[in-house]
Amino acid sequence: MVRLQKYLADAGVASRRASEKLIAEGRVSVNGDIIREMGVQVDEEYDVIAVDGEIVKNSVKKEYIMLNKPVGFITTVSDDKDRPTVMELVSDISARIYPVGRLDYDTEGLLLLTNDGDLTYRITHPKHDIAKTYVAEVTGDVSMDTINQLRRGVVIDGKKTSPAEVEVVGATQYGTKIEITIHEGRNRQVRKMFEALGCIVKRLKRTKEAGLNLGHLPLGKWRKLSESEVNMLKKIEGEKPGSRRKPASVGSKKPIKAQSRKTSRKTGR
Ligand code: URA
């Protein structure tokens, strides 16, 4: 037995969070019954799960890809404003992969793409403190005081950032090149941290994430992760039993089990 949202994520339909949204929107059915509450358990062997009426099979091969994203591409599967998306750069992959987390339109560098919803969940969930390293090219000289403030944490959007590792790694035509490693994933975090201290970021590149290194992968190109890289990612601590927030719609501590195909569902859920 497995939770419905995990089944969908494992099948490569969407990340676990996005799968929860699909469920809440009433787009997922189990044995023909629409399920809207979280916590429903399904039997992978016998239950028939469908999204928008289409049956989802859970035997999809997992793909893990690293892309060196250029500036000017949006990190989504599709864009309603018709901007170029990162998916255009990996169009020769047949699996339905999607980006793991986000890199801004104007940021370049390491972006993971996969159809492994569990891994996406582990990498993007704030509780796992995944390290992400960026090289920022900023205007002017950067004082030791500024470096220390970045290390200790800076207030952005009304909340202090958690401690970061920060080093000056060189000089550029604009000013200073700084390597910064953060353990959060707040919106435009690195740019905002520098801006809060009066530095303008001219160029921002992610070079490392979750122990992976961009290395010499050319800009705009992608490669499959090696087996050892995938194994390393899989070692990121998974969800501990009972550690997850209890879904609001489920009153009892016991997970709800989806009814089998043979039993008729009394409620219209
Ligand atoms: N911080 C930013 O400012 N932008 C990114 O894309 C990632 C981190």
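Whatever comes next refers back to the structure up there.
Residues numbered from 1 in each chain as written. Predicted model: local features only at pLDDT ≥ 70, side-chain atom pairs only at ≥ 80, totals over all residues. Heavy atoms only, no water.

A. Representation of the site of the ligand. What surrounds the ligand is the set Leu 103, Asp 104, Thr 107, Tyr 134, Arg 188, Gln 189, Val 190, Arg 191 and Leu 204. Taking Arg 188, its main chain carries an N or O atom lying 3.3 Å from an oxygen atom of the ligand. Between Val 190 and the ligand, the recorded distance is 3.1 Å, taken from a backbone N or O atom to a nitrogen atom. Relative to its unbound accessible surface of 240 Å², the ligand loses 95% to contact with the protein. (Near = heavy atom within 4 Å. Polar contact = N/O pair within 3.5 Å; in protein donor to acceptor, adjacent residues only side chain to side chain. Areas by Shrake-Rupley, 256 points an atom, 1.4 Å probe, with all protein chains shown as cover.)

B. Summary view of helix α5 (residues 189–196). Among all positions of α5, only Gln 189, Val 190, Arg 191, Met 193 and Phe 194 are buried. The inward-facing, buried residues of α5 abut β10 (132–139), α4 (144–152), β11 (155–156), β14 (175–182) and β15 (201–209). (Buried < 20%, exposed > 50% of the residue type's maximum accessible area, 1.4 Å probe, protein only. Helix = DSSP H or I, 4+ residues; strand = E, 2+ residues; numbered from the N terminus. Contact = heavy atoms within 4.5 Å.)

C. Spotlight on the nonpolar core. Ile 97, Leu 113, Val 138, Ile 180 and Phe 194 are the most contacted members of the largest nonpolar core, which has 32 residues in total. Those elements giving two or more residues to this core turn out to be β7 (64–69), β9 (108–114), β10, α4, β14, α5 and β15. In terms of domain composition, this core takes at least three residues from each of domain 1 (64–126 + 213–234) and domain 2 (131–209). Other than its neighbours up to four places away in sequence, Leu 113 contacts Glu 63, Tyr 64, Ile 65, Leu 67, Val 86, Met 87, Val 90, Ile 97, Tyr 98, Pro 99 and Val 100. Judged by nonpolar contacts, the second largest core, of 18 residues, contains Val 2, Leu 8, Ile 35 and Val 42. (Core = buried A, V, L, I, M, F, W, Y, C linked by side-chain atoms within 4.5 Å. Domains from an automatic or database assignment.)

D. View of unusual backbone geometry. In this structure, Arg 188 is a non-glycine residue whose phi angle is positive, near 50°. Within the secondary structure, Arg 188 sits in the loop between β14 and α5. We classify Arg 188 as partly exposed; its relative accessible area is 32%. In this model, Ala 210 sits at a positive phi of 50°, which is unusual for a non-glycine residue. Checked against the element boundaries, Ala 210 lands in the loop between β15 and β16 (212–213). Among the residues examined, Ala 210 registers a relative accessible area of 13% and is labelled buried.

E. Representation of helix α2 (residues 16–24). By the burial criterion, the buried members of α2 are Arg 16, Ser 19, Glu 20, Leu 22 and Ile 23. The arc enclosing the buried residues of α2, seen along the axis, measures out at 155°, which places them on a common side. Of the surrounding elements, those touching the buried residues of α2 are α1 (4–10), β2 (28–30), β5 (49–51) and α3 (117–124). Just past α2, the residue Gly 26 takes up positive phi, approximately 75°. (Arc of directions from axis to C-beta.)

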